[in-house]
Amino acid sequence: MTTSAWTPTPRRLADTALAALAPICACVLALGALAVWTATGNAGTPARIGVTDARLFLPSRGVPETAAFFKITNTGGAQDRLVGVTSSEVPEGISLSSHRMTAGGAAHRRPTESLPVPAEGTLDMSPLSSDVTVPAAARWQAGDLVPFTLHFEHSGRMEVLAVVVRPGS
């Protein structure tokens, strides 16, 4: 049995070059398109979350729940989502809510799994938009600071202190 070594002939070299040309062209085209996309700012930046105006409504007597509100600013180029809120002062029962107005002008609350924080935008919670529903604690007084941990889909956790305020102030 005789084995012949592969010998480079002009025909074999041309076939090899043509076989390699398609994947190389595809890679160069893809890298070029990604470079242009990034250079024009379309690739964006990660979400950069900041929280201000954290407040918790002073609970009314006999009412089992109250609401906390946060102004969440995202200076990054990618959207994020608030997916949960916890507090060391409230062992359980905290939930996210969105609000809808009825045709008659009344508002109703609807629990939600998450709230979007738009890229280069703000989630400004208010009694007319969204809130964090919190079981009321009788020990809270106006001016108290209540710790909350906001959990974001991409940005992780953020610790904030909410000041207890009277509704409407």
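Residues numbered from 1 in each chain as written. Predicted model: local features only at pLDDT ≥ 70, side-chain atom pairs only at ≥ 80, totals over all residues. Heavy atoms only, no water.

Per an unreviewed UniProt entry, the recorded name for the protein chain is Copper chaperone PCu(A)C, and the organism is Streptomyces lividans TK24.

### Quick word on the overall build of the protein chain
For the protein chain, the count of helices and strands is one helix and 10 strands. Shown N-terminal to C-terminal, the secondary structure of the protein chain runs as helices and strands in the order α-β-β-β-β-β-β-β-β-β-β. Radius of gyration (C-alpha) of the protein chain: 28 Å, far over the 15 Å computed for a compact globule of 169 residues. Counting only C-alpha atoms and orienting by the principal axes, one finds that the protein chain spans roughly 95 × 40 × 30 Å. Counting all 169 residues of the protein chain, 29% fall into the buried class. (Helix = DSSP H or I, 4+ residues; strand = E, 2+ residues; numbered from the N terminus. Rg over C-alpha atoms; globule rule 2.2 N^0.38 Å. Buried < 20%, exposed > 50% of the residue type's maximum accessible area, 1.4 Å probe, protein only.)

### Quick look at the domain arrangement of the protein chain
With domains assigned, the protein chain is organised as domain 1 (9-42) and domain 2 (47-163). Here the C-alpha centroids of domain 1 and domain 2 sit 50 Å apart. (Domains from an automatic or database assignment.)

### Looking at the pairing of strand β7 (residues 121-124)
The two faces of β7 differ: G121 and L123 on one face are buried, but T122 and D124 on the other face are not. Here four bridges tie strand β2 (residues 65-74) to β7, and the two strands are oriented antiparallel to one another. Bridge pairing in β7 links T73 to T122. (Pairing = 2+ DSSP bridges.)

### So, the state of the cysteines
Taken as a whole, this structure holds zero disulfides when the rule is applied. Free of any disulfide, C27 has its nearest cysteine sulfur in C25, 9.5 Å distant. (Disulfide = S-S within 2.5 Å.)

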